[in-house]
Amino acid sequence: MSLIWSEKIESYKNSISATPSQVTNYIKNKKLNNYQLNQLKKLIQSSGFINLAAEYGAATNQRYYHYSISVCLNNQEKKAFLRSNPDNGKSPEAFRVMEDYLRQLIK
C-alpha cells in the first residue's frame, strides 16, 4: 500500500496579489510497511475522520488555502476538504490528527 502526497506551493512577489508569481507542484509516493498501514487504519477509525463532512472552512468566494485528505478503507472512500482561512476557525480535530500523521509518514 502506498501513501501519495501532493502539495502545491505558491509564491507571491506582490503580497497583496491574488495571482502567484510561481507555482511548484510536489508529488511524493511512499510505500507503507505493515505496521504503518495498520496504524493508519486504526487512526482513520479512531479519529472519526470517516464521519467528517465533505467540506469545512471559508466560503468559496473568500481567499483561502485548500487542503484535502482522501482515504479508502474497507472499500469505503472518504474525502474531506478544508478551505483554510484564519477568519473561519480551526479545522476539525479529526482532520488535524490525520494531516499531522500523514505528514509524519511522508517525511
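Scroll up to find the structure this text is about.
Just so it is clear, the model here is predicted, and its values are computed rather than measured.

K.L.:
Looking at this structure, how should I read the overall build of the protein?
P.N.:
Scanning the protein for helices and strands turns up 2 helices and 5 strands. What you see in the protein, going N to C, is helices and strands ordered as β-β-α-β-β-β-α. Seen through its principal axes, the protein has C-alpha atoms that stretch 45 × 25 × 20 Å. Relative to its 107 residues, the protein shows a buried fraction of 30%. Intrachain contacts of the protein at a sequence separation of at least 6 include 59% that bridge at least 24 residues.

K.L.:
Just checking my understanding: could you explain the packing of aromatic side chains for this structure?
P.N.:
Evaluation of the coordinates by the stated rule reveals 0 aromatic pairs. Taking the ring centre of Tyr-12 as reference, the NZ or CZ of Arg-63 above it sits at 5.3 Å. Across the ring face of Tyr-64, the terminal group of Arg-83 is positioned such that the distance to the ring centre comes to 6.0 Å.

K.L.:
Where do I start with the pairing of strand E5 (residues 76–84) in this structure?
P.N.:
Looking at chain direction, strand E3 (residues 55–57) and E5 are connected through 3 bridges and run parallel. Residue pairing in the sheet places Glu-55 in a bridge with Phe-81 of E5. In terms of strand pairing, strand E4 (residues 65–73) meets E5 through 9 bridges, oriented antiparallel. Considered in E5, the bridge of Ser-68 is made with Phe-81. In textbook terms, the turn of a hairpin is the stretch between consecutive antiparallel strands, and for E4 and E5 this stretch comprises 2 residues, one of which, Asn-74, has a positive phi near 55°.

K.L.:
What is the right way to look at unusual backbone geometry in this model?
P.N.:
Across residues other than glycine, the phi torsion is negative in most instances, and most of the peptide bonds are trans. In this structure, Asn-74 is a non-glycine residue whose phi angle is positive, near 55°. Assignment of secondary structure puts Asn-74 in the loop between E4 and E5. Assessed through its relative accessible area of 65%, Asn-74 is described here as exposed.

K.L.:
It is not clear to me how the nonpolar core should be interpreted in this structure. Could you clarify?
P.N.:
If you look at soluble globular proteins, the nonpolar side chains tend to sit buried side by side. Ranked by internal contacts, the top residues of the largest apolar core, which has 22 residues, are Leu-40, Phe-49, Met-98 and Leu-102. Elements that contribute at least two residues to this core include exactly strand E1 (2–11), helix H1 (34–47), E4, E5 and helix H2 (93–106). When near neighbours in sequence (up to four residues on either side) are disregarded, Met-98 contacts Leu-40, Leu-43, Ile-44, Ser-47, Phe-49, Ile-69 and Val-71.

K.L.:
What exactly am I supposed to notice about the pattern of salt bridges here?
P.N.:
Close approach of charged atoms allows side chains with opposite charge to pair. In total, this model carries 5 salt bridges according to the counting rule given. Across the salt bridge formed by Glu-93 and Arg-96, the nearest N and O atoms sit 2.6 Å from each other. Of this pair, Glu-93 and Arg-96 both sit in helix H2, 3 residues apart, which is roughly one turn of that helix. Among the residues examined, Arg-96 registers a relative accessible area of 28% and is labelled partly exposed. Glu-99 serves as the salt-bridge partner of Arg-103, at 3.0 Å between the closest nitrogen and oxygen.

Rules and cut-offs
Residues numbered from 1 in each chain as written. Predicted model: local features only at pLDDT ≥ 70, side-chain atom pairs only at ≥ 80, totals over all residues. Heavy atoms only, no water. Helix = DSSP H or I, 4+ residues; strand = E, 2+ residues; numbered from the N terminus. Buried < 20%, exposed > 50% of the residue type's maximum accessible area, 1.4 Å probe, protein only. Contact = heavy atoms within 4.5 Å. Phe/Tyr/Trp six-rings, centres within 6.5 Å; stacked < 30°, edge-to-face > 60°. Lys NZ or Arg CZ within 6 Å of the ring centre and 35° of its normal. Pairing = 2+ DSSP bridges. Core = buried A, V, L, I, M, F, W, Y, C linked by side-chain atoms within 4.5 Å. Salt bridge = Lys/Arg side-chain N within 4 Å of Asp/Glu carboxyl O.

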